[in-house]
Structure formats: structure tokens, C-alpha cells
Amino acid sequence: SVSVSTAIRSVMPAKKSKASPKAPTKPAPDTPVAAAEQPGPPEKKPKLDASEPGGTDEHEKDDVPDTSSKTVTGKCYMNPADATVDAVVGENGVLTGLTAGFFQHTAKGVRANVGVKSGRHYFEVQIIEWLVGSSYKTRIGVSTAEVSLYALHDERTVGFESDGRFVCQGSATMPNTPGKARPSFTKGDTVGLLLNLQADGESANTVSLFKNGVRATPPMPLPDCIRGKVLFPTVVYKCATVRVNLGPSPLTNLPFTVRMVGAAKESDVSMSSLKTGGAPEAVVPVGLPNSGVLDWVDAWMTKNTGAVEVSSRSILNWLEVSGLTVRRSGGSAERPIFQVSGAPSDHASLGLADGKAQRQLLQAASLQQKSVVVLEISENLRKQWRTELLSTVGPSYKTTAVVVAGEPSEEIKERARDVIRKRKRAEFDRMVAARRVQKTREKAARQHKRKLEKLREEKINQAKEQAAKLAAEKKAAAAKRAAAAAAAAGGETAPAEEEVVAEPVAAPAAAKPDVESEEEADEPDPEFKDDTDYSKIKLQHRDVPDVAPTAIEHAYREFSWPDSSEGFSKIEHAWGDANVASQCMEDLVLERKKLEKRKVAVNKWFKDKVKEWNEAINDWKRIQKTKSATPNDSELGVGEPDIWSVEDVKDTGSGLPLFKSFQAEDWALLNLRFEMHAMIHAFRQEVGEDHPGIHPETFVHYYTTFFGKGFSYQMYGQDNLEDIARLLGDTLSADDDTGCLLLGHPDETPLETFIKLTEEARRDRLARIEAGDETAKLKMNFSAGKGLGKGWMGKGAALTQGATGLRSVPYRAPVVAKSFGKGR
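As the structure is a computational prediction, the values presented were derived from the model and not from experiment.

Chemist: Before we go on, may I ask you to explain the pairing of strand β22 (residues 336-341) in this structure?
Modeler: Look at any regular strand and the pattern is simple: side chains alternate between the two faces of the sheet. Side chains Pro336, Phe338 and Val340 project from β22 onto a buried face, and the interleaved Ile337, Gln339 and Ser341 project onto a face without burial. Relative to β22, strand β21 (residues 325-331) runs antiparallel, the two sharing 5 bridges. Following the sheet pairing, Val326 is matched in β22 by Val340.

Laid out in C-alpha cells, this is it:
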């Protein structure tokens, strides 16, 4: 229990002073012989301080012995049930960990089974070894029981890093240790943490770091958020092997006596509720994307701090708090796209690119019999995946499927609102801090400017005084010379010299009053105001979707809710019941069908219909050229045949066709009417009646599929499909509920009907223009249709950027986290 140097000094004889050639040799004054020979009181030893073992500590006093209270001796240990999944707790408090795969980059954490709630207590960590060439680290500290050991920057944890920094409220700062070296520690050192939770005293509610029995830092205050709470000794280490000593005796001598945590009075401590043994639980949350699964898992993990979340996001967060720099560049919460620096450039070593990391994490949790929650949103919705997962976790686990669907609970809503409140408050605090810095800079600039102005005025006044004095001296000298000359001429005696008096200089302007204290310096900070309507907030807002839309598009047909035949120990509904879940699934399937871009075959009916149409429209255009007649717009409607009473559109009875007055825009709209009619009917024939139809977001895709060319809204003077539907209101419309395109004509509608519809629209348009309605004018741009292709009859031309907004970009394979299922 003593240091090696102290033990060596205790067995070595005391050194004797060297003999002097002019004086007899005398024994050392602190030897027994010297004490016997010298009269008077013995020589006083110098008082030691805290810089050496056995010295005094100005901050601490010896504990008063108390043998009447029961202690927890023999009941304290580092709790394997309250540790990260890669931590290994050995005998005698030795802590090591897994180092294969991504575990070589993660920080391990272990918490003691006993927490301190009052009094002053001490525990130690001995650094046994560090992995050379690695980014090793060790932290000794305390935390509350509800803090996750995977969240090393939580505000409810404090401690000292091996580089000497003090971690408090999520940030790390270097303690102020004037006259002392940096309080860092390395292999071979024994560091101790003194936790002072006494009610009074100068060191009350503080933590202090001791290195090899010597105080290394002053007492550091505990944050308000953990004062009055039970604090558990917590050790975090990476690429290292350490030994934790909770007591009952310290490994190193201290300059005062103090109780070890392992010898604390029962009234001063509280035991952890987490214990090894019992059946672990494997929870599989099954919920629809963007419906609150992540919020539910966050809430569940808060209540189950000893559990392990098996997901890509948890591994990335763990790597980030372990010291690696993780740059996320999109993707989804389930499959993030990322880059990691501080680790090998080969991301295969992390295992996130192929799902090895998730499997490794699940296997480690199974080995240590820790409860897990498997967060694979899209995969958990597949029955085959759930079956494979149950076979992976093994029979020792109690498996629970939790259906997350419906209206979120009030707990989830309040958590989401609290996150937004804290975010808004943090943004406001940053704004106020930046404002204060700016005001300080502006104040310093004004003070500097006033100082320069004052110096300038002083120099000007000094120059004026010197100039006035010099002028007075010159004037006096000139007067003296004149008087002497006059006296010499008249034979008179020169008058005595008079005292030179400089002309008075105007007094400097009164200094400007310093109004700094009356202006911006006293301007109070703005008050925090939050006008958010929190009643409408149900879930947390996240920067990326839960699941990539493409992943949903390819897998939603396999989505299902778990049932009793799958082998789960139990199936729970988090928010609603089975009926609510079924309705949510139906809504999702309907929504995905709307937005899905399916591969639809161009059937024979469509090809025959298009061939018939091309022959008919070419014939109509030929007839118009041979029987054209210019209409008299001023006599619009006079002599015009009734459209729907015409039997033959090629001859209305006067020898002229019904389409005699068609212009280029009329032929374009006629062709578009037929294209919409043929495409939607052919699509319905291929996908069935249960499909909601063509959605505006998939319209261009299906148009290109059927006609082999691109589509330009600008060609028809419109901005979107809604405007096109309004332009072709006699043929096309949109469903109010789904937004999908609807047709008002059966599939075998005669082609002449589209001629009549176009002529009716033309007459109506001209009548509105004649009445002064400028909005009735068409603004078609045929140049926008160039390069769209000839259509499927022309074997399909390529799409252009100007027409469709598509562009070609070089393909670069990103790093995307994947699931860990078989064959996925």
C-alpha cells in the first residue's frame, strides 16, 4: 500500500554528510547518535505539503473515524450488467475489452454497482497497459444511473481524461493548476477521484483528481444538474487495460484519511438496480417509416440504460463520442452515408458497409446476455427478416415484437416538444453570446477611438502652448533689441529686462463626458420568447428520413405486422391496437402505389390504338390542307355547325371539316388529349383496378414509358400537371383524395370525339378572348418540345436536360450502412 520509492527509502540507511578537511566529521542531525550527543530540543522536520506523499492538503481534512455504522465492505464491484457491450470485467477490478472489428475504435465504459449520495469518498484507477500506436484514452469520473455509457458527453457525467482535461456538462476544459504540471496520467500511474458530497465546507460538492497519491487538480465544482443525486463511479477506457480499486484500502498513500467507496457507510450510498442474471430481452420495434419508431426507441433506451441498441446510427454515434470524426452526408437514419476520419481509410474494417458491425454488436450482446433493441426499420417490417432475427438471438432471450403505429403517446409528444424547446433555447443562448461578444468588441473599439482622440487633442494643445511661448520669446527679444537701439541713439541707459509672458492660449475644450455607461453597455439582453405552437408537434424533426424512399419502393409489398406464428414471446402495441395498425399499413401501401415507378409493359391494345390514331390524325391534317377556309372571327358562331350533332367530322354538310380552323396549338392539344386517354387506360389494364392511378410525381416516368419520349410542361405554356389537367378539363381530371389522374371517357371512345372536344374548347377560348379575358390566350412554346424524341414508333430518343430536368452525373459509390440479414 505504499509507493515503490517510499518502500526503498524505508529500508536504505540514511546518508552521511561528507567529511570536511578543516572540521571533524559529524553525524547527520536526524540520526539517533546525533540526537543523543546534541543538547537541547531535537531539530524540527520541514513540514511536507501535498506535492509529495505523506504531505498535507489544504483542501481536505482527515475523516472522523466512525465504527458504529454499517458499511458496504465486500459488496462493491464494477458492475458487468452496467457496462458497454465490448467491456470485459475481470477479477480484482481489472477491466479490458473486445478489440476486433470496429470495437478497436470504441470507448468501453463500466459503472460501479454502488452510488454515492452523501459524504466524502475516494476510489482509484490503475493504468496497467495501453495499446501502443493507438488512440488510447482513459477517464475516471462519476455519473448518474440513467446516463447511457454510450453517451460520453452527457451533461450528467463528470470526470478527468487521461490528457488532463476536466469533462463537465458535455465539454472538456483544462483545469487551472498554477505552478504544477498538466494533470495528465499514463501507463503505470494510479489516479484517484475524490468525490465530496458533504453538506458544507469549502470543497463541498466537488471532485478532485489525485495522481499517485498527490493532488493533481483543485476541487472542481459539480454542475447543478447532478447535485443532490446519486453518483456512481464510472470508468471509460479505450485501447487500454485498467484496474479499478473501490476499496476498502487505497493503493497509494494520501495526505489525509478518507473513506473508500468500497468501505462507505450504508447510509451514504445506494446500490444499483442493474444486476447480472435473468433472461435478457430482445425487442424488435416494428413500425412504418417516419411514423415515430426512432422516437419510441429513444424513449425505451432512456428507461433501459443497460440495454444495447443494434443499429447503424448507434454505432456511428458510439464511434463519434469515442474520438473519431464522423461526417454524415445524407442517406437515411437506417442507412446513413458517412465518412469516418481517425480510423483506417478502409471502411471495411468498421463493418458498416456490409452489416458486419451490426452482427458483431448483436453477437457481443448475446455473449454477455444483455438486452437488445434491434432498430432496422424497413427490415423489421419483413416477416422473413424477423424469422432470421429470432434464430440469431438464440433461445435464451425473451423476444418481444412492439408494433409502433397510430397516434403517439403523450410521453413521446412531450419528449419531442422538450427537444425542440432545448434546441430553440440553445440557439437563443448562442445568439445572445454572439451579441455580447460583438458589443464587447464595439465597446473596446469606441474606447480605443476615444483614447486616440484624447491623445491627439493633448498633442495639439502642447504644440499650441509651445508655439505661443516661442512667439512670446521672439516678441520680447525684438522689443529688447529695439529698446537697446533707441537707447544707444539717444545716449540713454537700456531699460531692465522685463519678464517674458506668453500670450494666453485658449483653454482646451472640455472633455466629452463618457456616456458608455448610459448607452449600449447597460442595454439588457433580449428576453427569450418562444411562439411555437407545441400542441401540433407529435414527433421529433430529423434532418434525414427514417428510410430511403427507394428502399420503401422496393420492399413495401413485403411489409407486414408480426403475428403469433412467428415465434415471439409476446407481441405488444405501443400506441394503438391491431385495427389502427392495419389501417396504417393500408394507407402506406396505397401511398406507395401512387408514388411507385413500376415497370409497365406497353400492351397490344395501346400500340394498336396509337397506330390507329396516327393514321387518323394524318388523314385529318391532309383534309384540312385541301379543304381549308379562313374563318371570320368577327362572326364567330354564325353559320357554325353544332359540334355534337355532326356525324362526320371530315364533312359538316357544307363540304368543310369540323377542324377547318385548327391552328398548330389546336393540333397539339388534340394530340395531348388522345395521349392522356390512351396512356391512362393502358396503365389501368396493366396494374389492375386496385391501383390508385398515375400520380403527378410519376407522370413523366409513365409518359416516357408509353411514348418513348420526354414531356415538357413549358411546351403547353404550363408549369405542372395540375395546370395541364385544368387545360384539358374535358378529358383529364385529378382525384381529390389521391391526386391521381382520372379520365372521363371509356377506353373505346371514338377518335372523332377528341376532334369535337378540341373544337369546343377552341370556340370557348376565342369567345373569352373576344370578351376581353386575357387569361384565355394560349402561351405555347413549341421550341421547348425540341429534343424530346420521336416516340416509341421512332424507337425512343434520349431525354434532354432542358425538357425534363434530368442530367448526367458521374457515378461514385458512397459508403452506405447496410443491414446484417442473410442474403441482403
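There is more to say, and it comes next.
Chemist: Even after reading the chapter, I still don't get the sheet that holds strand β7 (residues 137-143), so can you show me in this structure?
Modeler: Where strands meet in a sheet, backbone hydrogen bonds hold them as pairs that are either parallel or antiparallel. Sheet architecture is open: 7 strands sit in the order β1-β4-β15-β7-β8-β9-β10, paired in antiparallel fashion. The two strands at the open ends of the sheet, each matched to only one other strand, are β1 (78-83) and β10 (171-173). Strand-to-strand twist across the sheet, computed as the mean angle between neighbouring axes with direction ignored, equals 30°. Two strands pair when backbone bridges link them, and β7 and strand β15 (residues 232-238) are joined in this way by 7 bridges, in the antiparallel orientation. Considered in β15, the bridge of Thr138 is made with Tyr237.

Chemist: How do you make sense of the environment of Asp224 when you look at a structure like this?
Modeler: Here Asp224 lies in the loop between β14 (220-221) and β15. Using a relative accessible area of 64% as the deciding quantity, one classes Asp224 as exposed.

Chemist: Would you explain the environment of Tyr556 in this entry?
Modeler: Its place among the elements puts Tyr556 in the loop between α9 (549-555) and β25 (570-573). Tyr556 sits 29 residues away from Met585 along the chain, and the two C-alpha atoms are 9.6 Å apart. Sequence-distant contacts of Tyr556, that is, excluding residues within four places in its chain, are made with Val589, Arg592, Lys593 and Glu596.

Chemist: Just to check I follow, could you spell out the packing of helix α3 (residues 293-303) against helix α8 (residues 410-490) for this structure?
Modeler: When two helices pack together, their arrangement is captured by the angle between the axes and the distance separating the axes. Packing of α3 against α8 leaves a shortest axis separation of 10 Å and a crossing angle of 95°. With respect to their mutual orientation, α3 and α8 come out roughly perpendicular. Where α3 approaches α8, its residues Asp295, Trp296, Asp298, Ala299, Thr302 and Lys303 are matched on the opposing element by Glu411, Ile412, Arg415 and Ala416. Looking at the contact of α3 with α8, its residues break down into 4 nonpolar, 1 polar and 5 charged.

Chemist: What is the right way to look at the pattern of salt bridges in this model?
Modeler: For side chains of opposite charge, pairing can occur when their charged atoms come near one another. Tallied over the entire structure, the rule returns 48 salt bridges. The salt bridge involving Asp224 is made with Arg227; its shortest N-O contact spans 3.9 Å. Linking Asp295 and Arg542 is a salt bridge whose minimum nitrogen-to-oxygen distance equals 3.3 Å. Here Arg542 lies in the loop between α8 and α9 and Asp295 lies in helix α3, a separation of 247 residues in the sequence. The class for Arg542 is partly exposed, based on a relative accessible area of 24%.

Rules of the game
Residues numbered from 1 in each chain as written. Predicted model: local features only at pLDDT ≥ 70, side-chain atom pairs only at ≥ 80, totals over all residues. Heavy atoms only, no water. Buried < 20%, exposed > 50% of the residue type's maximum accessible area, 1.4 Å probe, protein only. Helix = DSSP H or I, 4+ residues; strand = E, 2+ residues; numbered from the N terminus. Pairing = 2+ DSSP bridges. Axes fitted to C-alpha atoms, helices over the stretch in contact; angles between N-to-C directions. Contact = heavy atoms within 4.5 Å. Parallel < 35°, antiparallel > 145°, perpendicular 65-115°, else oblique. Nonpolar A, V, L, I, M, F, W, Y, C, P; charged D, E, K, R; others polar. Salt bridge = Lys/Arg side-chain N within 4 Å of Asp/Glu carboxyl O.

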